[in-house]
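Summary of structural features
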Amino acid sequence: MNHDFTREDAWKLLTEYNKEHFHLQHAVTVEGVMKYYADLLGYSDEKEFWGIVGLLHDLDFEQYPEQHCIKEQEILRERGIDERIIHATASHGYLLTVNIKPEHEMEKVLYAVDELTGLIGAAALMRPSKSVQDIEVKSVKKKYKNKNFAAGCSREVIERGAQMLGWDLNKLIELTILAMRSCEDIYLSV
Ligand SMILES: [Fe+2]
């Protein structure tokens, strides 16, 4: 395992392959959310690692959307990056582009929150505050049920993720709102 791969290294790699603001902001959002969940679920000692996985999970999406979760394995492996990062990032494409199943709790969290953070972020933008600080589960659920709202955020993936974690949808939404509140300042500053 390459213990020398730091958050700074991950950011450098991310920005080498990603230039669009939307993608960088999504990466930083998922990083912050993953770090929140690491603490919440008893993995504080691996918090940085969870964050790096969040930061890099969509590494290949901007340049290789057709090979999403496939190309990034190649890129990461070429650089000698920890196989745990490769498995974790690629497994969020399970049943979509790859057959790498989320196994570790971290991987299940990533699978569950990836699309959901997009939906909650879009719901927050509809509010006068434009913030997740005062958003409630109820209003997110209402948007969630409207299939035309943030239609690109796959409800199927979110629900499969919740199922993997053994959580109901309300719990997943509630915790993910709290996670986004914890890092909103950071991802909005990207
Ligand atoms: Fe993503």
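Residues numbered from 1 in each chain as written. Predicted model: local features only at pLDDT ≥ 70, side-chain atom pairs only at ≥ 80, totals over all residues. Heavy atoms only, no water.

On to the overall build of the protein, then. Counting its secondary structure elements, the protein contains 9 helices and 0 strands. Counting from the amino terminus, the protein carries its helices and strands in the arrangement α-α-α-α-α-α-α-α-α. Scaling as 2.2 N^0.38, a compact globule of 190 residues should have a C-alpha radius of gyration of about 16 Å, and the protein matches this with 16 Å. Residues counted as buried form 49% of the 190 residues belonging to the protein. Across the protein, contacts joining residues at least 24 apart in sequence account for 64% of those joining residues at least 6 apart. When the accessible area of the protein is evaluated, it comes to approximately 9400 Å², of which 51% is carbon and sulfur surface. Across the protein, the mean location of the 23 positive side-chain charges is 8 Å away from that of the 32 negative side-chain charges. (Helix = DSSP H or I, 4+ residues; strand = E, 2+ residues; numbered from the N terminus. Rg over C-alpha atoms; globule rule 2.2 N^0.38 Å. Buried < 20%, exposed > 50% of the residue type's maximum accessible area, 1.4 Å probe, protein only. Contact = heavy atoms within 4.5 Å. Areas by Shrake-Rupley, 256 points an atom, 1.4 Å probe, with all protein chains shown as cover. Lys, Arg positive; Asp, Glu negative; His and termini not counted. Charge placed at Lys NZ, Arg CZ, Asp CG, Glu CD.)

This brings us to the coordination of the iron ion. His-26 (NE2), His-57 (NE2), Asp-58 (OD) and Asp-114 (OD) make up the full set of protein donors to the iron ion, lying at 2.1 to 2.2 Å. In the primary sequence, the donor residues of the iron ion line up as H-x30-H-D-x55-D. Linking His-57 in the loop between helix H3 (47-56) and helix H4 (71-78) with Asp-114 in helix H6 (residues 105-125), this pair joins segments that are 57 residues apart in sequence. Judged on exposure class, the residue His-57 and its partner Asp-114 are both buried. (Donors = N, O, S within 2.8 Å, 3.2 Å for Na, K, Ca; no water.)

Ser-182 marks where helix H9 (residues 169-188) bends most, by close to 50 degrees. Inspection of H9 places Leu-169, Leu-172, Ile-173, Leu-175, Thr-176, Ile-177, Ala-179, Met-180, Cys-183, Glu-184 and Tyr-187 among the buried residues, and these make up the whole buried set. Against the buried residues of H9 lie helix H2 (21-40), H6, helix H7 (137-145) and helix H8 (155-165). (Bend = angle between axes of the 7 residues up to and from the residue.)

Time to look at the nonpolar core. If you look at the biggest cluster of nonpolar residues, it comprises 55 residues, and the most contacted ones within it are Leu-13, Tyr-37, Leu-56 and Leu-172. If one sorts the elements of this core by residue count, H6 sits on top with 10 residues. (Core = buried A, V, L, I, M, F, W, Y, C linked by side-chain atoms within 4.5 Å.)

In this structure, Glu-83 sits in helix H5 (residues 83-90). It is 35 Å that separates the C-alpha atoms of Glu-83 and Val-140, two residues lying 57 residues apart in sequence.

Attention now moves to H2. For H2, with 20 residues, the first-to-last C-alpha span of 29 Å sits near the 28 Å given by 1.5 Å per residue. Most of H2 is tucked away, with 14 of its 20 residues classed as buried. (Expected span 1.5 Å × (residues − 1).)

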